[in-house]
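A closer look at the structure
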Amino acid sequence: MPKATTFKAIALAATAAFASGAVLTSAPLTAHHHKAKPAKTQPNIVATAMSTGVHNTLVTAVKAAGLVDTLSGPGPFTVFAPTDTAFAKLPDGTVATLVKPENKGQLTGILTYHAVAGNVTAGDLVNLIKKHRGSATITTLSGGKLTARLSGDTVVITDAAGRSTAVTQTDV
């Protein structure tokens, strides 16, 4: 039986429903020297999601949950982000219901279930899986658990209910 390890989440962030998607990351800019140069800013999760053209539903959900400021902050965050195509596979009316103001708490829980604190690259995740003999348990910002495994060269994420999805794009 493969040994699993836990990757602890220690800050707030967000993302959405569990289906095929991308891994979006953000990290704070660090200064290695202090010359008077204009600081470069690294895109945050929200700006990155808006720029892809395939995460529009995710952005709508993040806005409805009131998590834009959190995800526009310094981070770093890693988000297992579903695409618009993944959201379209949900039962009719699911997204429309979740983005209603009265469902903000439930939506926030769903979004934070798919995010972790830290800049976790695909390479980091693969190394963690290999280090722990094929399985890595990730604690999300909501306190939930995701399990990461390799299927060939593809990272597969499984939620607590046993639903699995392949990560289709990494380090966005």
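The present account deals with the structure reproduced in this document. Owing to the predicted nature of the structure, the values given are computational and were not obtained by experimental measurement.

Examining the overall build of the protein
- Broken down by element type, the protein carries 7 helices and 8 strands.
- The 172 residues of the protein split such that 42% are buried.
- When contacts within the protein are restricted to residue pairs at least 6 apart in sequence, long-range pairs at least 24 apart make up 73% of them.
- Of the accessible surface of the protein, which amounts to about 9,300 Å², a share of 56% is contributed by carbon and sulfur atoms.

With respect to the pairing of strand S6 (residues 145-151)
- Direction of pairing for strand S5 (residues 136-139) relative to S6: antiparallel, over a ladder of 4 bridges. Pairing of Thr 137 across the sheet is with Thr 147, part of S6.
- Counting the residues between successive antiparallel strands, the hairpin from S5 to S6 contains 5 residues, one of them, Gly 143, with a positive phi of roughly 95 degrees.
- Judged from the 5 bridges that link them, S6 and strand S7 (residues 154-158) form a sheet pairing that is antiparallel. Bridge pairing links Leu 150 to Val 155 in S7.
- Hairpin connection, S6 to S7: the antiparallel pair is bridged by 2 residues, and Gly 152 has positive phi, about 65 degrees.

The rules behind the values
Residues numbered from 1 in each chain as written. Predicted model: local features only at pLDDT ≥ 70, side-chain atom pairs only at ≥ 80, totals over all residues. Heavy atoms only, no water. Helix = DSSP H or I, 4+ residues; strand = E, 2+ residues; numbered from the N terminus. Buried < 20%, exposed > 50% of the residue type's maximum accessible area, 1.4 Å probe, protein only. Contact = heavy atoms within 4.5 Å. Areas by Shrake-Rupley, 256 points an atom, 1.4 Å probe, with all protein chains shown as cover. Pairing = 2+ DSSP bridges.

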